[in-house]
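Overview (structure and organization)
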Amino acid sequence: MYSIKDVSEKTGLSAHTLRYYEREGLLSGVERTPGGFRQYTDADLEALWLICCLKNTGMSLQEITRFVNLAREGDHTLKQRLELLQAHRDDVIARMDEMQRYLDKVNWKIDFYNEKLREYENRNEAQE
């Protein structure tokens, strides 16, 4: 079992965010101590890793909530969950392709300026 502080340290999520995810239904069934303190399990951590993965790859909290709710409904939603993840993967790939094009442009510009800098330095050395 993990405290909210432990989970915050392991995931990088603030205690506020963890409580928010719980309130919004992204994470449910978090156990409590008799004193009311949250006690997270390994399964809770695994669920949080998936939530973070989806969020960090651009899935909206609304879509993540939809995915989580489908999972709670059981195996009869497997096809919908698969379709949701496949669509998300396609979006991630498209964004990665776009970022690669931007990176290619930045690299081209770096090469351009490296060449200009070499020319400038060679001219200055020749003048000395």
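Residues numbered from 1 in each chain as written. Predicted model: local features only at pLDDT ≥ 70, side-chain atom pairs only at ≥ 80, totals over all residues. Heavy atoms only, no water.

Focus: the overall build of the chain
The condition is simple: In this text, helices come from DSSP runs of H or I with a minimum length of four residues, and strands from runs of E with a minimum of two, each type numbered from the N-terminal end. Each radius of gyration is computed over the set of C-alpha atoms, and the globule rule expresses the reference value as 2.2 Å times the number of residues to the power 0.38. For the exposure calls, accessible area comes from a 1.4 Å probe over protein chains only, and a residue counts as buried if that area is under 20% of its type's maximum, exposed if over 50%, partly exposed in between. In what follows, residue pairs with any heavy atoms lying within 4.5 Å of each other are defined as contacts. Computed with the Shrake-Rupley method and a 1.4 Å probe, the accessible areas treat only the protein chains shown as cover for residues. As used throughout, the charge tally considers Lys and Arg to be positive and Asp and Glu to be negative, leaving His and the chain termini uncounted. The location of each charge is read from NZ of Lys, CZ of Arg, CG of Asp or CD of Glu.
Of regular secondary structure, the chain possesses five helices and two strands. Element order for the chain, N to C, with α for helix and β for strand: α-α-β-β-α-α-α. A compact globule built from 128 residues would reach a C-alpha radius of gyration of about 14 Å, whereas the chain, at 24 Å, exceeds it by more than 25%. Within the chain, the proportion of its 128 residues that are buried is 23%. A separation of at least 24 residues holds for 49% of the contacts in the chain among residues at least 6 apart in sequence. Carbon and sulfur atoms make up 53% of the accessible area of the chain, which totals about 9,200 Å². Each charge class in the chain can be summarised by its mean position, and for the 19 positive and 23 negative side chains these summaries are 4 Å apart.

Some points on the packing of helix α4 (residues 61–73) against helix α5 (residues 78–127)
Under the convention used in this document: Each axis is a line fitted through C-alpha atoms, taken for helices only over the stretch in contact, and angles between the N-to-C directions span 0 to 180 degrees. For classification purposes, an angle smaller than 35 degrees is called roughly parallel, one larger than 145 roughly antiparallel, one from 65 to 115 roughly perpendicular, and anything else oblique. A crossing counts as left-handed when the near helix is turned anticlockwise from the far one by less than a right angle, and as right-handed when that turn is clockwise. Following the grouping adopted for this structure description, the nonpolar residues are Ala, Val, Leu, Ile, Met, Phe, Trp, Tyr, Cys and Pro, the charged ones are Asp, Glu, Lys and Arg, and the polar ones are all others, Gly among them.
At a minimum axis distance of 9 Å, the contact between α4 and α5 shows a crossing angle of 155°. Classified by the interaxial angle, the pair formed by α4 and α5 is roughly antiparallel. In this structure, α4 meets α5 at a crossing whose hand is left-handed. Facing E63, R66, F67, L70 and A71 of α4, the residues of α5 in contact are Q80, R81, L84 and L85. Among the residues making up the contact of α4 with α5, the classes are represented as five nonpolar, one polar and three charged.

Section: the pattern of salt bridges
Selection rule: Within this document, salt bridges are pairs made up of a side-chain nitrogen of Lys or Arg and a carboxyl oxygen of Asp or Glu, the two lying within 4 Å of each other.
All told, the structure shown has six salt bridges when counted by the stated rule. A network of salt bridges, in which partner residues are shared, links E22, R32 and R38.

Brief notes about the packing of helix α1 (residues 4–11) against helix α3 (residues 42–56)
The N-to-C vectors of α1 and α3 enclose an angle of 40°; their axes lie 11 Å apart at closest approach. Looking at the two axes, α1 sits oblique to α3. For the crossing formed where α1 meets α3, the hand is right-handed. Across from V7, K10 and T11 in α1, the residues of α3 making contact are L45, L48 and W49. The class makeup of the residues in the contact of α1 with α3 is four nonpolar, one polar and one charged.

Details of the environment of D90
On the secondary structure map, D90 appears in helix α5. Along the backbone, D90 and S3 are 87 residues apart, and their C-alpha atoms lie at a distance of 36 Å.

Structural notes on the nonpolar core
Under the convention used in this document: Working definition of a nonpolar core: buried Ala, Val, Leu, Ile, Met, Phe, Trp, Tyr and Cys residues. They are joined through side-chain atoms within 4.5 Å.
One finds L48 and I64 to be the most contacted residues of the largest nonpolar core, which totals 19 residues. At the level of elements, α2 (15–23), α3 and α4 are the ones that each hand at least two residues to this core. The element contributing the most residues to this core is α3, with five residues. Apart from residues lying up to four places away in sequence, L48 is in contact with V7, T11, L13, L18, Y21 and L27.

Points about α2
Quick note on the threshold: Regarding the arc, it is the one traced by the directions from the helix axis to the C-beta atoms.
Within α2, the full set of buried residues consists of L18, Y21 and E22. Buried residues in α2, looked at end-on, bunch into an arc of 100°, giving them a common side. For α2, exposure combined with an orientation more than 90 degrees from the buried face picks out H16 and R23. Buried positions along α2 lie against α1, β1 (31–32), β2 (38–39), α3 and α4.

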